[in-house]
Amino acid sequence: MADASDRDPASALCAEFLSFSARDTASAWLAAPDLTAPLYAHLARLVPHLLREGQGAGLREEQREELGVQLLLLAPLEWLLLREEPSAALVALKEANRGSALCGHVFRVGEPTYSCRECAADPTCVLCMNCFLKSVHKDHRYRMTTSGGGGFCDCGDSEAWKQGPYCSSHLPKDQDQDQDQDPVQSLDPDLVYRAFQVFRTVLRYAVDMLTWDQENSLPPGLEPKEKGDTFYCMLFNDEVHTYEQVIYTLQKAVNCNQKEAVSFATTVDREGRTSVRFGDFQFCEQAKSVIVRNTGRQSKPLKVQVMHSSVVAHQVFALKTLGWLSQVISCSDGLRRVLCSVALESGSGGTLVDRLMLSDSKMWKGARSVYHQLLMNSLLMDPQYKKIFALHFAQNYERLQSDYVKDDHDREFSITDLSVQIFTVPSLARMLMLEQNLMSVIIRTFLDHLRHRDLQGRFQFDRYTAQQAFKFGRVQSLIGDLKYVLISRTADWSDELRVKFLDGFEAFLELLRCMQGMDAVVRQVGQHIEMEPEWEAAFTLQMKLTPITTMIQDWTRTDEHVLMEAYRRCLSALSQCLSGLADGEQPINLNLAGHMVETFRYQVSQDKVSIHLPLCRMLAGLHVLLSRTEVASRFPEQLPLGELSPPLLIELPLRCLVLCAQVHAGMWRRNGFSLINQIYYYHNVKCRVEMFDKDLIMLQVGASMMDPNHFLMIVLSRFELFHIFSSTDSRKRLRESNKDVLQQNNTLIEEMLHLIIMVIGERFVPGVGQVEPLEEVRREIIHQLCIRPMAHSELVKALPENGNKETGLERVIDSVAFFRKPGVTGRGMYELKPEWNKHFNLYFHHYSRADQSKAEEAQRKARSQFSSGSSSGSGPGSGPSPGSSPGSGPSSGPGSSSSCRPVLALVPPVPPPFCPLFASLVNLLQCDVLLSLESTVLQWASEPGSTGWTESMLQRVLHLMAMALIEEQQQLESNSEDEVTFNYSIKIQRPGSCGSLLALLETLHNAPHLELHKDMIGWILKMVSNIKTWRQRSVSGSSVSLSSAPDPEDRVRERDKAERKRKAEMARLRREKVMAQMSAAQKHFISENKELFHQSLEPDSAPSSSTGELHRCPDSPGAQVCVGPCRVGVASVSHVTCILCQEEQEVHAQGRAMVLSAFVQRSTVLSQNRQSSSSQSQSREVLFMNPEIALGIHTASCGHVMHATCWQRYFEAVQQKEQRRQQRLRGHTSFDVENGEFLCPLCECLSNTVIPLLPPATSPATSTGQSLETWMNTTNLQLVVLRHRQSAGEEGPRPGETQGARPGEKQAAVPLAPEGFDLDFVPESALCSCLSEMMSTFSLAVYKVALKTNPNETDPRLPPLSWSTCAFTIQATERLLFDDDKPLFGSLPCRQEECLSALCRFSSHCWTVAPPSTVQQHFTRLYSALFLDLDLQDVPCLLDIDMFHLLVYSVLSYSAVQALDQSGQSSTDSAHLHLLHLVTLAHLVQVLLSCSSTDPRTAESAMEQDGGGPEEHLTLQLYTLLHTHLDSALPPAASGWQLWHSVKDALLPFLRCAAMFFHYLHSTVPPADLLLSDRDQWEALCSYLSLPSNLLLLYSQQRSLLDPLIHRWCSDPRVRHRLNESGSRSDSGSGLVRFPRESNHLVDLPQDYSVLINQASSFTCPRSSGDQARAPTLCLVCGTLLCSQSYCCQTELDGDDLGACTFHALTCGAGAGLFFRVRECQVLFVAGKTKGCFYPPPYLDDYGETDQGLKRGNPLKLCMERYQKIQRLWRQHALAEVIAHAQEANQTLATIDWQHL
């Protein structure tokens, strides 16, 4: 029905194309009084017929639509606007345009962006790559990230950069030109008039259609004359339903297949909507009901609309018009301003921009993206209209945010995301703050959305539903907007700005009031909490507000009036919260040490307590700013400091800190993990700046305003420890009570003392202490590095960030630490410089207990090592010495008992002085209550066996005493005796109830149970003594300083030190003298007994010399030979131990079978043509390997040996274990039992089979052999007989294998067999049945992996596949050794040596477990291929055979023929040598045929050679012969010298592989020259292989015999065809393999990571029309860029849907894949369909660290060492092993669906 109705419109459109004139149409429109009517009529007639989206169109239909839209719809608009040919007019406009200084490049998804850490106004100011490389910022510290799409480059925006706002491309050409000149004035007035008309009409049309909410009608003027019953079922995107749900639903609703459903789902996700059905209304409504019903069962259903085709068509064209407008205004700034003016014209429903913004949440994703793009290209690129647009945006802000919260699309697709483009501009932010009160609007909008509160008005998150939690996550975006507004603080305040900011501050205080005291907790007693309460939402809010709070404080710091007013308002808000704090509580009086304080009863362990106290913390921050700016001292009358109630100020922070202490003491363990997590984040770097740190500051604020004794008594009361220290009887009772209670109280005492230390000692906050901000950062770094050396990223994580995401680390790190670069693995580490150890504070307030323990251990170890090395009595950073000035170095402790022992005391460092507002805090150290506490703890410590005290408790008390003495020392140094009010040393000498503190210390100094604290106590006693001496001398008028006071003990110590040095030097000289005497005696003994030593060496050298004499070859006397009759084998007996039963076993043919675990895999590492590897079928030829080596079989082993029976039992146990596992738990593990995989029982290395161990080959019985001619004649006769037997049908061919010879009709008589050649002879196997079984097991495993099919024991391809893995493994190993410049022998690990040896020995016996006739047929075909027997038509030509594989196959299969020869006249070794000679000659001819005679690498060297040796002449002679046979197919020779050296280079890999093969086959010891890494080993290789160094002698000495053979090779028409084909093409496309084959390497990566990510950002999905790939992934093997982890690029294979990477790995790497995920900066290893792992990338930053995901943003450079390591893993075929180990170590990797990557 639809087809019939479409014929007339289609034919009408064809006629329209032919007769339409855009110019005439534009003229008619221009003559009309109103453009709207004729334009709408034109669109109403053509748009529904041009854009027919739902009728199933292909590429051709899309092109037709685009052409029709351009010619029939857009071209008239262009003619109307420009009144001349559009393309030329637009070019002219662009050339005449002055050009904007703003870059305005809109970022693509994944495109790299750059932000200068030094010059950017805020982190959102970024540059594109082109501008960055042309700017001054490339030499600065910068941050690199990837864009999410939608933003634009800030180059040219002077407000975005502190310096260097322009790159060289956008630098204004005329600096004096008026930048505010209206660009419209430069345009023709008529053009401006027409532009207003066209833009106004077109933009109104687009806005009307995009905001149209009717599904079956159109706006007036657009209704078509004939409206058919054609509808679309439009499916819209949401962020609730998954891909799988949508695909499943579509398959049921519209009856489509999987592929079509995936296409629909992909389009919906990309564009926001798509048509899933086209037809009449009922047809589409039916699909809608099915979709809504299936998706609305558990959540909100998918949005589906049945829309008339004309409505859809006009909406599609509306988007095209917006794109057209963007294109037009990009040519002229004047036209851009005209469009801005039109967009912001007021109308009945507001401006067009307002209509778009307010309808944003109703639009689909594609429409949003298009009009957002237009806004950025127009309004945001024009500075004048950007301000107007900002005002409109702010006016609608509350409505826009409400729509966004109700919507479910990501923020990047919402109009609210443009806030980052507006609010981050400082001038716009100030304007909006003034004119729209933006700060208050944002905060109050945020509060309006969080209305779920308790009775006191506090936020309540514990009862949030899923919908409310989702809403809360979206509301947090408002906090980001507030951050944008405040990120650039102002220094130019006006009265109006002060008012507006304080209004916003008042709104922020209201927000903080809603947070004050939320999520209060009560200690659970008796029963564990049943359900964990919600705590994450509150901390999420806290973390989001932390930078806001800091920014608001930074704003107030820049204006004194604002600071004081903010302080007043914050104090007023806090007073309201604290007003009822003590209501209803019982007042109590506390008495201790003669002091009394009044407070009220409150116990943290019984009452409610909250960790959220933002109001208190805001006041603490403002109070510090008052101190820092000295406002409090200059304007004390304007501040309500007298109204403060210090006990109330400290009450809530103190409760919070007591809560933390009780949690550490284990009193809240029944409250579950939620409280533990809250305490963790309370101290975590993400929250501590505005939580823990501010609580500590508030305690310091309160303590500075209170009597120190009263403060400490309140602290004791809140810690619930007052009763312990107020009477001794209570402590005695506690010692006898519950041990748990005692332990809790001990922990609480430790925490309380720690808190006192922090209150007094933490002075590195500017405003608390007289320090600079960088000193605070430096102290943090020092204490982090005191724990252990750390990487840069670890230090960054340990430091809080400011608003610009900076920590200040780089400004101080080089002064306090040195950097150690990383190696191939690991990270670069920073280590603290020794001179900064003296600043170590054991009770640093940001240490956790674990950190404190580690730091203490590290410092004691460092000081012990330093002291033992220098014997100076002081360690690095031992703090201020007793009697030293604040800047003096360390010194040893007092007393004769410690004069010979280094001081290991961790003395507190010298602190900076307090600011005036906090100066009274030092009195805490000498107040009576603290002295009483110290005295009590020291008394407890005097009892050795008591459990009423702890070492940590005593350590803290000693630390406090040391702090007091250092404080007194500082005051004595800086003031006169009369001005010093701090007299701690005097107070501790006053007698008390149990004696003075000093007397207690002297008693404890020699206590044996306090050995650990002896150094610290001694240091304190020494300090007291020196201070006492200084005071006495000061009273007597002496001016000697503490540091210069003479001390008799020091003189004694110096004498002792000098005596120790003298004795150590004497001992050293004595040792050297004794050693010299012993050495002389040893040499004398050797010289006197030379004969004895020579005799002891003779037994070792005799066998080798005699063996050499016995097997010396006539042509190479004394040389080691590995092949031929004169080879030397090692007949040693090897013993191995089974790793399972630990039984030692001799490797013997008849003994118990021993096996080696191994892993067999397909490989393309050596492939010269990866396209042909994917075409390897199960029925392919396996007897001949092509020189391309497209697909090989590699075998590796871990080298661990087992009994065959032990292995079988182990593997059966593994199988049973996997079968017993429940089906629901059977995910993809690191090994697949069904494919025979298992993990080595010892090393857990991945394996899938075992190789049987066989004894080494014996030495040949004779040293003589047949000549080549005799052997060839004999072998020919033998093969003729065998072929006749086969042709007679006695042993026919096996299934799946072509018969070796055709039926011989011409042979009437039976050929005569050579003497002793018995066809009926059946050789007896020398192997036991168990070994034979294991050999079959390995053969079948290779067969299964190679052909990817089920094992078939009768397949004649079993032996060749076993030989193939031997040959390929040797070739891969040889290439690896050659490229790594390692020796051919002696450099391989033991496991590879064992693997190669086992492989070669297995292959040599492989014929014994196969049918003899099968192996004989294989040898017949191999021999025929070598001698080109024309009777066999299925053998390849010479150029299509890999000669090393041919050599291995021939040598290993010849044994099956030789076994039938019972004459004893020929030997296998002679045959091996002849085969080697023949194959070497064949390879030599192969090289000459394929080499390029005009090689530029050797042409110049050849010209310099005059004359030549015999090698050159013989090579040229052979090449001439080949040229004679082939004529024009072979180019003429250039020179003999060039040919010979080309031949040497090409033959070297073959000779190296042959040497390895025969070495491991015969266990022949290699010559010493091959144990070196020298590449010039030609002579040694030839000698080892029993070959002449001049290989041409192989031909010249047997010329009469070999000339016919060479003639047959060259006469093969396939050879001539291949040569002609290669001559007509370039070398790269000829398909003819050149020798030596180039080693494969991974693709070259750019040095700068940003280059790679920039290339990937422009990569589009190959299966989607222009859609940018979300996860572009680079294949490191071939360089192909793939669209990974996407439904659009999945491929079906064997019933499985495979992702792009997995499928590519099967074709490119035979299942093994090596990929680089560009945007994630991550390496991906893939093995097969179901296994994979992630690997560290080769890109490192300047600190030697990887940055996966670009989380830190540091510039990344390629580390070649790490990339070479990845390449080595690939070339070693170790990817599967790495994946298996990774999945064993990380079980989450097994849950990833690797096949979809």
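Quantities reported herein were computed from a predicted structural model and do not represent experimental measurements.

Enquirer: Looking at this model, I keep getting lost on the sheet that holds strand β3 (residues 231-236). Mind explaining?
Expert: With antiparallel pairing, 3 strands are arranged side by side in an open sheet as β4-β3-β5. At either margin of the open sheet sits one strand with a lone partner, and together these are β4 (273-279) and β5 (304-308). Between one strand axis and the next, the sheet turns through 30 degrees on average, direction left out of account. Judged from the 6 bridges that link them, β3 and β4 form a sheet pairing that is antiparallel. By the bridge assignment, Leu 235 is partnered in β4 with Thr 274. Helix α10 (residues 258-271) contacts β3 and β4 of the sheet and is inclined by roughly 130 degrees relative to β4.

Enquirer: Sorry if this is basic, but what is going on with the pattern of salt bridges here?
Expert: Two side chains carrying opposite charge are able to pair once their charged atoms lie near each other. Inspection of every chain in the model, using the stated rule, returns 52 salt bridges. Among the ionic pairs, Lys 694 bridges to Glu 690, the shortest N-O distance being 3.3 Å. Comparing Lys 694 with Glu 690 shows no difference in burial state: the two are buried. Where Asp 1741 meets Arg 1752, a salt bridge forms, and the shortest distance between an N and an O atom there is 3.7 Å. In this pair, Asp 1741 sits in the loop between β24 (1739-1740) and β25 (1757-1758) while Arg 1752 sits in the loop between β24 and β25, placing the two residues 11 residues apart along the sequence. Overall, Asp 1741 belongs to the buried group, its relative accessible area being 6%. Through salt bridges that share partners, Glu 506, Glu 565, Arg 568 and Arg 569 make up one connected network.

Enquirer: Is there a simple way to think about helix α13 (residues 333-343) in this case?
Expert: The buried fraction of α13 amounts to 11 of the 11 residues, a majority that puts the element mostly inside the structure. Listed as buried for α13 are Asp 333, Gly 334, Leu 335, Arg 336, Arg 337, Val 338, Leu 339, Cys 340, Ser 341, Val 342 and Ala 343. For α13, the elements touching its buried residues are α6 (86-96), α8 (189-210), α12 (309-329), α14 (352-358), α15 (365-377) and α16 (383-395). The residue sitting at the N-terminus of α13 and contributing the capping side-chain oxygen is Ser 332; that oxygen lies 3.2 Å from the backbone nitrogen of Gly 334.

Enquirer: Which parts of the structure should I look at to understand the pairing of strand β13 (residues 1192-1203)?
Expert: Regular strands have side chains that alternate between both faces of the sheet. Counting buried positions along β13 yields 10 of 12 residues, so the element is predominantly enclosed. By the bridge criterion, 9 bridges tie strand β12 (residues 1154-1163) to β13 in an arrangement that is antiparallel. Considered in β13, the bridge of Phe 1159 is made with Ala 1196.

Enquirer: In this structure, what is going on with the environment of Trp 1363? I would like to understand it.
Expert: For Trp 1363, the location among the structural elements is in helix α50 (residues 1358-1379). Classification of Trp 1363 as buried rests on a relative accessible area of 0%. Sequence-wise, Trp 1363 and Ile 1193 are 170 residues apart; in three dimensions their C-alpha atoms are separated by 9.8 Å. With residues up to four places along the chain from it excluded, the contact list for Trp 1363 reads Ser 1403, Cys 1406, Val 1415, His 1418, Val 1448, Tyr 1449, Leu 1452 and Ser 1453.

Enquirer: What am I meant to see in helix α53 (residues 1443-1458) here?
Expert: Counting along an α-helix, one turn takes 3.6 residues, and residues three or four places apart therefore face a common direction. With 16 residues, α53 should cover 22 Å at 1.5 Å per step; its first-to-last C-alpha distance of 22 Å lies within 8% of that length. For α53, a buried count of 16 out of 16 residues is recorded, marking the element as mostly surrounded by other parts of the structure.

Enquirer: Is there a simple way to think about the sheet that holds strand β21 (residues 1712-1717) in this case?
Expert: Strand order in this open sheet of 5 strands is β18-β17-β21-β22-β23, and the pairing throughout is antiparallel. Of all strands in the sheet, those bounded by a partner on one side alone are β18 (1681-1683) and β23 (1731-1735). Recorded for the sheet is a direction-independent mean angle of 30 degrees between the axes of neighbouring strands. In the sheet, strand β17 (residues 1672-1675) pairs with β21 via 3 bridges, with the strands oriented antiparallel. Residue pairing across strands places Cys 1675 opposite Phe 1715, the latter belonging to β21. Sheet contacts for helix α63 (residues 1700-1708): β17, β18, β21 and β22 (1722-1727); angle to β21, the most-contacted strand, approximately 135 degrees. Its contacts with the sheet place helix α65 (residues 1775-1785) against β21, β22 and β23, and it is angled at close to 85 degrees to β23.

Enquirer: Sorry if this is basic, but what is going on with a nonpolar patch on the surface here?
Expert: A contiguous nonpolar surface patch, about 300 Å² in accessible area, is contributed by Val 1074, Met 1075 and Met 1078. Within the secondary structure, Val 1074 is located in helix α44 (residues 1048-1088).

Enquirer: Sorry, what's going on with the side chain of Ser 1542 here?
Expert: Mapped onto the elements, Ser 1542 comes out in helix α57 (residues 1536-1562). Here the side chain of Ser 1542 touches Gln 1538 through a polar contact of 2.9 Å, landing on its backbone oxygen.

Enquirer: Even after reading the chapter, I still don't get the packing of aromatic side chains, so can you show me in this structure?
Expert: Each aromatic ring pair is specified by the distance between its two centres and by the angle formed by the two planes. Within this structure, the stated rule accounts for 45 aromatic pairs. When the centroid spacing of 6.4 Å and the interplanar angle of 50 degrees are considered together, the rings of Tyr 830 and Tyr 1743 count as tilted. Taken together, the residues Tyr 830 in strand β9 (residues 829-832) and Tyr 1743 in the loop between β24 and β25 connect sequence positions 913 residues apart. We note that Tyr 830, like Tyr 1743, is buried. Between Phe 1385 and Tyr 1584, the ring centres sit 6.0 Å apart and the planes meet at 70 degrees, which makes this aromatic pair edge-to-face. With Phe 1385 in the loop between α50 and α51 (1390-1405) and Tyr 1584 in helix α58 (residues 1578-1584), this pair connects stretches of sequence that are 199 residues apart. Accessibility classification places Phe 1385 together with Tyr 1584 in one group, the buried group. An aromatic cluster of at least three residues, connected via ring pairs, comprises Trp 1271, Phe 1419, Tyr 1423, Phe 1427 and Tyr 1454.

What counts as what
- Numbers given to residues run from 1 along each chain, matching the order in which its sequence is written.
- For this predicted model, a pLDDT threshold of at least 70 governs which residues receive local features, and a threshold of 80 or more governs which side-chain atom pairs are given and counted, while totals over whole chains, interfaces and linings are taken from all residues.
- Only heavy atoms go into the side-chain values, all of them from the structure, while hydrogens and water stay out.
- Strand pairing follows a simple DSSP-based rule, namely that at least 2 bridges must link the two strands.
- A run of H or I in DSSP counts as a helix once it spans at least four residues, and a run of E counts as a strand once it spans at least two, with each numbered from the N terminus.
- Here an axis means a line fitted to C-alpha atoms, over the contact stretch when the element is a helix, while the angle between two N-to-C directions is reported on a 0 to 180 degree scale.
- A contact between two residues is defined here by any heavy atoms of the two lying within 4.5 Å.
- Think of a salt bridge as a Lys or Arg side-chain nitrogen and an Asp or Glu carboxyl oxygen that are within 4 Å of each other.
- Between buried and exposed lies partly exposed: a residue is buried under 20% and exposed over 50% of the maximum accessible area for its type, with that area taken using a 1.4 Å probe on protein chains only.
- Pairs of N or O atoms within 3.5 Å make up the polar contacts considered here, provided that, within protein, one atom can donate a hydrogen while the other can accept it, and that residues adjacent in sequence are counted only when both atoms are side-chain atoms.
- Between the first and last residue of a helix there are one fewer steps than residues, each counted as 1.5 Å, and that sum is the expected span.
- Two distance rules govern patches: like charges are joined within 9 Å, and nonpolar side chains (Val, Leu, Ile, Met, Phe, Trp, Tyr) within 5 Å, applied only to residues with over 30% relative accessible area and no salt bridge.
- Residue-level accessible areas treat just the shown protein chains as cover; the underlying method is Shrake-Rupley with a 1.4 Å probe.
- Side-chain rings of Phe, Tyr and Trp (the six-membered ring for Trp) are treated as a pair once their centres are within 6.5 Å; stacked means planes under 30 degrees apart, edge-to-face means over 60, and tilted covers the remaining angles.

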